[in-house]
Amino acid sequence: MSRQPLLPVAEALAHVLRGATLLGTEAVPLTMAAGRTLAEPITALRTQPSFPSSAMDGYAVRTADAVEGAELRLIGESAAGHLFSGRLEAGQTVRIFTGGAVPENADAVVAQEDTVREGDRVSIIINAKPNQHIRPAGLDFRADDVLLEAGTLLTARSVALVAATGRSEIVVARRPRVAILATGDELVEPGEEPRDGQINGSNGIMLENMVRTAGGEPIELGIARDTLEAIQDAARHARDLNADVIVTTGGASVGDHDLVHKALSAEGLKLDFWRVALRPGRPMMAGNMNGIRMLGLPGNPVSTHVCAFLFMVPLLRALQGRRDVHHQLEYAVLGTSLGENQGRQDYMRGKLTLSETGVATAMPFGRQDSSMLRLLAEADCLIMRPPEDAPRSKGDPCRIIRLDEHL
Ligand SMILES: Nc1nc2c(c(=O)[nH]1)N[C@H]1C(S)=C(S)[C@@H](COP(=O)(O)OP(=O)(O)OC[C@H]3O[C@@H](n4cnc5c(N)ncnc54)[C@H](O)[C@@H]3O)O[C@H]1N2
Ligand code: MOO
């Protein structure tokens, strides 16, 4: 490999994200919306609750009447979905259930545990306080409130909020179409029997799952052999299938069989960068192939994951108009001492533990070989060390990125 200076990670990411904005929108039913990105703000169409309602099963009262020892006369019932149409006069009470509208003139609800009932007589055991157990109109939201902003990642919780506004559909970002190509003569599909020198490919599967988790639509291009024709065929296939992004894995380095750059250049690839000051993942490349964004990831499985996590996931978020495109860096303390870092930004795989006082300790795994999928699967964080970082002691602060439970 030539000794050219490597591109800093932040600059490489800026290249990858340049011009990456919302690709398009589509309406989806609410039942399918979690994990998608909201494409337009959600404004409350009405006030919720639209009427003061009870938070308890009990009795609606006027606080002036509902003092300890008082006996009130029951004049009706208000249940969720069934209004009591009258109004409360002195000495009266209305049976009320959770969610029922508070009748006119009532200003408190007494929980039924704090009463004794005999026929239509209700005795109060404890003084009622004004407004107790009453949810005022607009407690949750008011008409015209902006409840969710465009670019929000939808969760089951936020979709429920949308449902509460009265909508049955929601406009979300269209899924970026991501063609995934594994390259290598040594690869056979999962489930196939590897012969001498062969292995079961795993990067393609990993990338497909990562694409889906990040809101994209994976397009499986399968495995290309280490020939220019095979890789070029796959690139043409990606174009025919209207891919927005093509992600390759393997063939990114300097070996005689590392052909991705050459093959895709013949299909119009213009490279933005090749080789990043990153460990693992130095041979990473990115560019544009006639309008299709291209990420060329190294083949070592951990390098593939770290590069996809650091570059592909933010890119897919940006292409869905997400407000939060970047991974969040958090602080933890180191669980072990570490020697000086070399010239690349390091992303060490490790485990987080929480002390009894809530301090997060990050323990890097003892081996950081970029072929080790087992440790990658076990990791729950990446411990980030900038280039040339000084030696660190156990207990020193460090920066980490949590690995999302689905990534
Ligand atoms: N002389 C140099 N050699 C290497 C350098 C270098 O700078 N100079 N860089 C090393 C680094 S760092 C990495 S990472 C690898 C990346 O190389 P490639 O992208 O060309 O990857 P391959 O050679 O195709 O494969 C590497 C390794 O990964 C396995 N692999 C590939 N694809 C898959 C897949 N789909 N599923 C599972 N495993 C896969 C492959 O069998 C190899 O073992 O280059 C270093 N070499
Ligand atoms: O940096 Mo390579 O990506 O060591 O595995």
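Everything quoted here is computed from the prediction, not taken from an experiment.

What counts and how
- By convention here, each chain's residues receive numbers from 1 onward along its written sequence.
- Going through the entries in the order they are written, you letter the chains from A and number the ligands from 1.
- Residue-level local features of this predicted model are given only where pLDDT is at least 70; pairs of side-chain atoms are given and counted only at 80 or more, and the full residue set underlies all totals for whole chains, interfaces and linings.
- Think of it this way: take the backbone, place a C-beta atom on it, and check whether that atom is within 6 Å of the molecule or strand, in which case the residue is near it.
- Counting from the N terminus, the helices are the DSSP runs of H or I reaching at least four residues and the strands are the DSSP runs of E reaching at least two.
- We call Asp, Glu, Lys and Arg charged. Ala, Val, Leu, Ile, Met, Phe, Trp, Tyr, Cys and Pro are nonpolar, and the rest, Gly among them, are polar.
- Either an automatic procedure or a domain database provided the assignment from which the domain bounds are taken.
- By definition, two strands form a pair when at least two bridges between them are found by DSSP.
- With axes taken as lines fitted to C-alpha atoms, and helix axes fitted only over the stretch in contact, angles between N-to-C directions fall between 0 and 180 degrees.
- UniProt positions are given in the numbering used here, feature names are shortened, and annotations may be inferred rather than shown by experiment.

**Q** Got a minute to help me understand the site of ligand 1 in this structure?
**A** Around ligand 1 sit 27 residues, and of these Asn 203, Gly 250, Ala 252, Ser 253 and Gly 299 come closest. Contributing elements (two or more residues each) for the shell around ligand 1: α3 (203-213) and α6 (301-319). By residue class, the composition of the shell around ligand 1 is 10 nonpolar, 14 polar and 3 charged.

**Q** I tried to follow the domain arrangement of the chain on my own but got confused; where do I start?
**A** The extent of an interface is frequently quoted as the accessible surface area lost upon association of the parts. By the assigned domains, the chain splits into domain 1 (9-24 + 175-319), domain 2 (27-46 + 148-173), domain 3 (53-135) and domain 4 (330-402). For domain 2 and domain 3, the distance between their C-alpha centroids amounts to 37 Å.

**Q** Help me understand the site of ligand 2 in this model?
**A** Taken together, Arg 279, Pro 280, Gly 281, Arg 282, Pro 298, Asn 300, Ser 303 and Ser 370 make up all the residues around ligand 2. Partitioned by chemical class, the residues of the shell around ligand 2 number 2 nonpolar, 4 polar and 2 charged.

**Q** How do you make sense of the sheet that holds strand β5 (residues 71-78) when you look at a structure like this?
**A** The strand order β7-β4-β6-β5-β9-β8 describes an open sheet built from 6 strands, whose pairing is mixed. Two strands lie at the open edges of the sheet, namely β7 (108-111) and β8 (115-118), each paired on one side alone. Direction aside, the axes of adjacent strands within the sheet are offset by 40 degrees on average. Summarising the sheet, β5 and strand β6 (residues 92-96) pair through 4 bridges and their orientation is parallel. By the bridge assignment for β6, Glu 77 is matched with Arg 95.

**Q** In this structure, what is going on with the UniProt feature "domain: MoaB/Mog" (unreviewed entry) in the chain? I would like to understand it.
**A** Mapped onto this numbering, the UniProt entry annotates "domain: MoaB/Mog" (unreviewed entry) at residues 179-318. Here residues 179-318 runs as 35% helix and 29% strand, with 17 Å between its end C-alpha atoms.

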